[in-house]
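Descriptive analysis of the structure
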Amino acid sequence: MAEAADFQGTSASPARRWLRRTGALLAGAPLLAGLLQLPAAAPAQAASSSPVSVSLDSLTPGAPTDGDTVTVSGTVTNTGKQNVTGAHVGLRVGPLLNTRSAIDAVSRHPDDLRTRTGPEVGGKYVEKFAKLAPGVAQHFSISVPVDQLDLGQDGVYEFGVALSGQTSAQPWDQTLGIQRTFLPWQPSDADTKTRTTVLWPLISTSHMTARTGPGELQTPVFLDDDLAKEIAPGGRLAQMLDLGKDLDVTWVIDPDLLASVDAMAGGYRLQGADGTTKAGPHQAVAKQWLAKLQKAVVGKEVVALPFADPDLASLAHRGTSVTGSLSHLKDATDVAATTVKTVLHVTPTTDFAWPVDGAVDPSIMKVATSAGADRVIASSDSLQETAGLPYTPSAARPVGGGTTAVVSDARLSTAFEDDLTKAGSATLAVQQFLAQSLEVNAQTDAQRNIVVAPQRMPSASQAQAMAAAVKQLQGSTWSQAQNLTAAAKAKPDPDATTRIPSTSAYPASLRRQELPRTAFEQIARTQDKLDNFKVVLSDQSRVITPFGRAINREMSTSWRGRGADADSFRGDVEAWLDDLSDQVKLIDKSETKLSGRSATIPVTVQNNLVQPVSHLVLRLTSTQPTRLKIGGKAYDEQRVEVSGGHSQSVKFTTAANANGRVTVTAQLYTQDGQEYGDPVSFDVKVTEVTPTVMLVIGGGVLLLVLAGFRMYTQRKRAAARRADDDGPGDGGGTDEDPGNPDASGDRLPDQSDAPSEAEDPEQPSDPAPDTAPENTDPSGTGERVDR
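None of these values were measured; they are calculated from a predicted model. (Residues numbered from 1 in each chain as written. Predicted model: local features only at pLDDT ≥ 70, side-chain atom pairs only at ≥ 80, totals over all residues. Heavy atoms only, no water.)

Considering the overall build of the chain
A tally of helices and strands in the chain yields 19 helices and 29 strands. With 787 residues in all, the chain has 46% of them scored as buried. Considering only intrachain contacts with a sequence separation of at least 6, the fraction spanning at least 24 residues in the chain is 78%. By element, 52% of the accessible surface of the chain is carried by carbon and sulfur atoms, the whole surface being about 38000 Å². (Helix = DSSP H or I, 4+ residues; strand = E, 2+ residues; numbered from the N terminus. Buried < 20%, exposed > 50% of the residue type's maximum accessible area, 1.4 Å probe, protein only. Contact = heavy atoms within 4.5 Å. Areas by Shrake-Rupley, 256 points an atom, 1.4 Å probe, with all protein chains shown as cover.)

See the structure below:
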């Protein structure tokens, strides 16, 4: 970025610039005198590596004013092989730094012995050590009234902490180690204060899967319990919340984080490596974190990113050629406001887009604004100044088409990206941040609006350093806080660049981290499967919500640098959707045998989901309709509705025209004609019944009927003859014989009375006596039995 302060001749205040130059010369005079008095060996020693490491662990206050006492503490460590004797730690005030580039130069080599840093304050404001043994660290702490530092005009001063002493190899007093930093000096309120916007991001990686438990609650399943560690006391997000609540910042929140923590608070499960799940134990932690956040954002501006913080650059460079990709960004934007309002009970701002690291090109700007955002947070490293402005311009830049690029200051935004786990590194980062901010304010008397957009997911130590710097900045005499919307609406500088860099200028290091085109193709495939699945459900929200949000997570910026994890996540989402879709399926059938011209074939549809399915059509198709027709044609269809956890048998009427084996295929379709699930094919063996066989069977039945009728008439005639034989005999008396046991007086016939064969010969047409016992043996093999 072209630095305004690097071109002093064009300052808006020439008199002020002249005073600064004069002060710098005066401040450098003692340094020059000191250099002339150095022993000959000193330059050679200075050129070598530092035998003593100096760590500046604390400098308070970071931006002193009149009457303050500056306290510096830290450690010195002998990193050489010789004892250091006659050592002492002293403070040195260097020259006034009049440009932002000068501050950068000091920051690049803060411990270089070859660069001198002003004279030592000396006197009683030193800490002495009789001896420093190799490898031993010694703590120091020095407090000095600010009026003893001989600070002149307002501005940023180089400030050093140096250890001087001697070794046996070089027995003279010399500087053996130094740590340079900055001392901003603005004791009274500046005539014009910079309006500074600080973004405070609450963003995490993707934690929730697409899987949910059965039942009405649909208990969410998490990949792991890492989110609980982040929001637990002492965790990264817990510290971001605790630190941010006391600062005047703009909260930039990924709604996915809110949805995930809210899901945890309602009960969640953790996914195991073997596919099983177990109950998550941190509901109370989630509830506590959400309650704190709800209080922290009251009265503050909340900017909601699209759900799951989609990677706009990956989408622009790799995804727009895949149909449907942009629709996911629109969906993620639409759901963002609802999520934030539901969980935090505040209405967020949703018209800001934030590409990775603020790097933009024309395609990224087009994608960023396609979902309705008309303000894009960019970096000054991307929109570099080319007009030679002698100052840092305001953030707002109209770039055409009603879009505003809100350009963050790269130096201030990246001040906390290094490893700040050590106190010395954090202190240097804070002082550099304050120095750059004061130098921006000193560049011109015109008021400007500056935006600080730090990294998306700062570590706990980075967050602590950020908070320390912002707290001091907001209590300073040269800056005042402002929210992001106000910065975007501020009057733009007419001389600031509005040219969006070309696509070829996009950083190669960032491009290598983008999601590949195959990722967007898989996302599109998963969406197609979801669209096909949801139409058969009675309650579509049970799959639209978890899978829709999972697809948003598949496009998250958080996958950068984690390609294998991203592949695994997308694969799991698609596999789980396939598994659910397969719960509605056709049951396999074995060969079916048909006898006769017509028959009914049943096909079973099984629904193992907890909810009913409908809007399905089952089609049964004959591959040889000349032999076997379904419903009088080549195929037939029937609508299907199956309750949750049940199966339903659908019957199709068939008609056979010829013998043989015919393959039949059953396939489910959605009502819009899309195939659903796998088809089921089975063979139907047709045995056609011919007219000749029908005639034979009919003749046999007729013979049986005639035989039965003859038997019936013969039995009736025999019964009539027996009735005639039982009538009164010739010459029988009519008087009763009291000794005859036949009370009726009828005489039972004896053998002599029976007619002789000659008298009543049997007729050839008479039936044989019907007295033969029925044959009860089983019928023979292949014999037809009618009973």
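Here's the deal with the pairing of strand 29 (residues 675-687)
One face of the sheet, then the other: side chains in a regular strand alternate in exactly this way. Bridge count for strand 22 (residues 592-595) against strand 29 is four bridges, and the pairing is parallel. Among the inter-strand pairings, Thr592 is bridged to a residue of strand 29, identified as Val684. Pairing of strand 28 (residues 660-670) with strand 29, which is carried by nine bridges, proceeds in the antiparallel orientation. Looking across to strand 29, one finds that Thr665 is bridged to Ser681. In this antiparallel pair of consecutive strands, strand 28 and strand 29, the connection spans four residues, and Gly673 shows a positive phi of 90°. (Pairing = 2+ DSSP bridges.)

A look at the packing of helix 5 (residues 236-244) against helix 13 (residues 460-474)
Their axes nearest at 9 Å, the elements helix 5 and helix 13 cross at an angle of 10°. Judged by the inter-axis angle, helix 5 sits roughly parallel to helix 13. Here Arg236, Gln239, Met240 and Leu243 of helix 5 lie close against helix 13, whose contacting residues are Ala460, Ala463, Gln464 and Ala467. Classifying every residue of the contact of helix 5 with helix 13 by side-chain character gives five nonpolar, two polar and one charged. (Axes fitted to C-alpha atoms, helices over the stretch in contact; angles between N-to-C directions. Parallel < 35°, antiparallel > 145°, perpendicular 65-115°, else oblique. Nonpolar A, V, L, I, M, F, W, Y, C, P; charged D, E, K, R; others polar.)

What about empty space enclosed by the protein?
Under the definition given, this model contains seven cavities of 30 Å³ or more. Estimates place the volume of the largest cavity at around 130 Å³. Every residue lining the largest cavity is counted, 16 residues in all, and those nearest its centre are Pro306, Leu329, Thr333, Phe352 and Ala353. Sorting the residues of the lining of the largest cavity by element identifies helix 9 (325-344) and strand 15 (352-353) as the ones contributing at least two each. Class assignment of the residues belonging to the lining of the largest cavity gives a composition of twelve nonpolar, two polar and two charged. (1 Å grid on protein atoms, 1.4 Å probe; cavity = no way out; pocket = protein on both sides within 12 Å on 5 of 7 lines; lining within 4 Å. Points joined across faces, edges and corners; volume = space filled by probe spheres on them.)

Section: unusual backbone geometry
With an omega of -10°, the peptide bond between Thr60 and Pro61 qualifies as cis. Looking at the element boundaries, Pro61 is found in the loop between strand 1 (52-60) and strand 2 (69-78). Unusually for a residue other than glycine, His345 sits at a positive phi of about 65°. Examined against the element boundaries, His345 turns out to sit in the loop between helix 9 and strand 15.

Don't take any of this as a statement about function, it's just geometry.
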